[in-house]
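Residues per chain are reported as follows:
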Amino acid sequence: MTDMYYPIYADGLYEALMQSSQYGIPIYITETGIADRSDKNRAIMIDKYMRATLRAIADGADVRGFYYWTLMDNFEWNAGYLMEFGLYAWQPDGSVDRKLKEGAKALVRYFKSLPNSLSALRAAAARLVQEGELPDHEQMHAEAEEVLHDLTAPGHKGRRRQGHAMVAAT
């Protein structure tokens, strides 16, 4: 769960990538991040979304870029400085100190380990699937259903997915 009460829903990213790939144009994932003041879920989110992206690449999606939102904590128009999306911590006190958050190191590991060329990335994603290192769609979907079930538990004021829309849980 993010600080904005959205679930970490990698299956939704996979589904969107596979659906979008039907148009035959390159895909760039933009503004993918997590509001996580405690930094407890950032590495989990990065890992799940990167694995879903690699799975989609292995399944034929033409993903050309993955951009994390955002480099540093910033001012969000609807929440001020409360939502901390940044890979680097920043304080609005005028200091210039920036510190890489522990959870952000997951993204650093992916970027250092994945190949730079598109063809090599596709081959690496296919190899990870063959080795059983990437979840298949059914595994991602089952995990997502578990999260969504928890969100719809009585008394929970989170959000749940219904069809292709996010709606408030009742």
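This write-up is about the structure you can find in this document. Source: prediction; values computed, not measured.

Structural notes on the layout of surface pockets
Looking at the second largest pocket, its volume works out to about 360 Å³. Elements with a contribution of two residues or more to the lining of the second largest pocket: α2 (42–58), β2 (63–68), α3 (105–113) and α4 (118–130). Split into classes, the residues belonging to the lining of the second largest pocket amount to 11 nonpolar, four polar and one charged.

Remarks on a nonpolar patch on the surface
Together, Leu71, Met72 and Tyr88 make up a nonpolar patch on the protein surface, roughly 250 Å² of accessible area in all. Structurally, Leu71 can be placed in the loop between β2 and β3 (88–89). On the basis of relative accessibility, which here comes to 53%, the residue Leu71 falls in the exposed class.

Brief notes about the pattern of salt bridges
Applying the stated criterion to the full structure yields nine salt bridges. Between Arg37 and Glu84 there is a salt bridge, with the nearest N and O atoms lying 3.3 Å from each other. Remark: Glu84 occurs in the loop between β2 and β3 and Arg37 occurs in the loop between β1 (27–32) and α2; sequence separation between them is 47 residues. Salt-bridge contacts for Asp62 lead to Arg64; the nearest nitrogen and oxygen are separated by 2.8 Å.

So, the nonpolar core
Membership of the largest hydrophobic core comes to 33 residues, with the highest contact counts inside it found for Ile46, Tyr49 and Leu54. Of all the secondary structure elements, the ones that give two or more residues to this core are α1 (10–20), β1, α2, β2, α3, α4 and α5 (137–151). In terms of residues, this core owes the most to one element, α2, which gives eight residues. When near neighbours in sequence (up to four residues on either side) are disregarded, Leu54 contacts Tyr110, Leu114, Leu121, Ala125, Leu128 and Leu134.

So, the packing of aromatic side chains
This structure, assessed with the given rule, holds three aromatic pairs. Taking the centre distance of 5.3 Å and the plane angle of 85° together, the rings of Phe75 and Trp77 count as edge-to-face. Residue class for Phe75 comes out partly exposed when judged on its relative accessible area of 38%. Here Tyr81 and Trp90 contribute two aromatic rings whose centre-to-centre distance is 5.5 Å and whose plane-to-plane angle is 45°, an arrangement assigned as tilted. Relative accessible area serves as the criterion here: at 41%, Tyr81 is assigned to the partly exposed category. A connected cluster of aromatic rings, assembled from ring pairs, spans Phe75, Trp77, Tyr81 and Trp90.

The rules we used
Residues numbered from 1 in each chain as written. Predicted model: local features only at pLDDT ≥ 70, side-chain atom pairs only at ≥ 80, totals over all residues. Heavy atoms only, no water. 1 Å grid on protein atoms, 1.4 Å probe; cavity = no way out; pocket = protein on both sides within 12 Å on 5 of 7 lines; lining within 4 Å. Points joined across faces, edges and corners; volume = space filled by probe spheres on them. Helix = DSSP H or I, 4+ residues; strand = E, 2+ residues; numbered from the N terminus. Nonpolar A, V, L, I, M, F, W, Y, C, P; charged D, E, K, R; others polar. Patch = residues over 30% accessible without salt bridge, like charges linked within 9 Å, V, L, I, M, F, W, Y side chains within 5 Å. Areas by Shrake-Rupley, 256 points an atom, 1.4 Å probe, with all protein chains shown as cover. Salt bridge = Lys/Arg side-chain N within 4 Å of Asp/Glu carboxyl O. Buried < 20%, exposed > 50% of the residue type's maximum accessible area, 1.4 Å probe, protein only. Core = buried A, V, L, I, M, F, W, Y, C linked by side-chain atoms within 4.5 Å. Contact = heavy atoms within 4.5 Å. Phe/Tyr/Trp six-rings, centres within 6.5 Å; stacked < 30°, edge-to-face > 60°.

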